[in-house]
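As a plain string of letters, each chain reads:
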Amino acid sequence: MTLPGWLLPHTVLIEPLAGSTGTGAAFGPGFTAPAMVQDKRRTVTSATGEEVVSDTAVFLPAGTDCPSGSRVTAGGRVAIAVVVTTADGGGLPTPDHIEIALT
């Protein structure tokens, strides 16, 4: 079971991280996705083990392509996805989704 549409009142633009170049990160083509955007400040641990402050959490339907390092525009602000967490109930009737912590 995925998140119901009524829980996704916002739209975000996601530009998935495609790799890196000599001048920095390279992003794939952007696409929009339905989302729930929450402004909440918290400390998260990045994939490299560094503690960073995240100002925004974005909840997206399960299976949305947004790897760590992707560029996300939410509420007019452009940020980088620092931590991407998958919530999967393994077939139980729970709302499967991904949560992204943005810097």
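Residues numbered from 1 in each chain as written. Predicted model: local features only at pLDDT ≥ 70, side-chain atom pairs only at ≥ 80, totals over all residues. Heavy atoms only, no water.

Colleague: I'd like to hear about the overall build of the protein, residue by residue, with values.
Modeller: The helix and strand inventory of the protein stands at 0 helices and 8 strands. Each helix (α) and strand (β) of the protein, taken in turn from the N terminus, gives the series β-β-β-β-β-β-β-β. Compactness check: the protein gives a C-alpha radius of gyration of 14 Å against a globular reference of 13 Å for 103 residues, within 12% of the reference. By principal-axis analysis of the C-alpha atoms, the protein measures approximately 45 × 30 × 25 Å. The proportion of buried residues among the 103 residues of the protein is 35%. Pairs at least 24 residues apart make up 49% of the contacts formed inside the protein by residues separated by at least 6 positions. Charged side chains in the protein number 5 positive and 9 negative. The centres of these two groups are separated by 8 Å. (Helix = DSSP H or I, 4+ residues; strand = E, 2+ residues; numbered from the N terminus. Rg over C-alpha atoms; globule rule 2.2 N^0.38 Å. Buried < 20%, exposed > 50% of the residue type's maximum accessible area, 1.4 Å probe, protein only. Contact = heavy atoms within 4.5 Å. Lys, Arg positive; Asp, Glu negative; His and termini not counted. Charge placed at Lys NZ, Arg CZ, Asp CG, Glu CD.)

Colleague: If you had to explain the side chain of H97 to someone new, which residues and values would you point to?
Modeller: Turning to its location among the elements, H97 is positioned in strand β8 (residues 97-102). At 2.7 Å, the side chain of H97 and the backbone oxygen of P95 are in polar contact. Not counting residues within four places of it along the chain, the set of residues in contact with H97 comprises L3, F59, L60, P61, A62, T85, T86 and A87. (Polar contact = N/O pair within 3.5 Å; in protein donor to acceptor, adjacent residues only side chain to side chain.)

Colleague: I'd love a proper account of the pairing of β8, names of residues and values included.
Modeller: With 6 of 6 residues buried, β8 lies mostly within the body of the structure. One ladder, built from 6 bridges, connects strand β5 (residues 51-61) with β8; its direction is antiparallel. Opposite A57, over in β8, you have A101 as the bridge partner. Of the strand pairs in this sheet, strand β7 (residues 77-87) and β8 are connected by 6 bridges, and their pairing is antiparallel. Residue A81 lies in a different strand from β8, and its bridge partner there is L102. (Pairing = 2+ DSSP bridges.)

Colleague: With reference to specific residues and values, describe the pattern of salt bridges.
Modeller: Applying the stated criterion across every chain, the model contains 4 salt bridges. Between E15 and R71 there is a salt bridge, and its shortest N-O distance comes to 3.0 Å. Remark: R71 occurs in strand β6 (residues 71-74) and E15 occurs in strand β1 (residues 10-15); sequence separation between them is 56 residues. Here E15 falls in the buried class, since its relative accessible area comes to 17%. For R71, a relative accessible area of 28% corresponds to the partly exposed category. For D55, the salt bridge identified is with R41, shortest N-O distance 2.8 Å. Of this pair, D55 sits in strand β5 while R41 sits in strand β4 (residues 31-45), and the two are 14 residues apart along the sequence. D55 sits in the partly exposed class, given a relative accessible area of 32%. A relative accessible area of 65% means that R41 is categorised as exposed. (Salt bridge = Lys/Arg side-chain N within 4 Å of Asp/Glu carboxyl O.)

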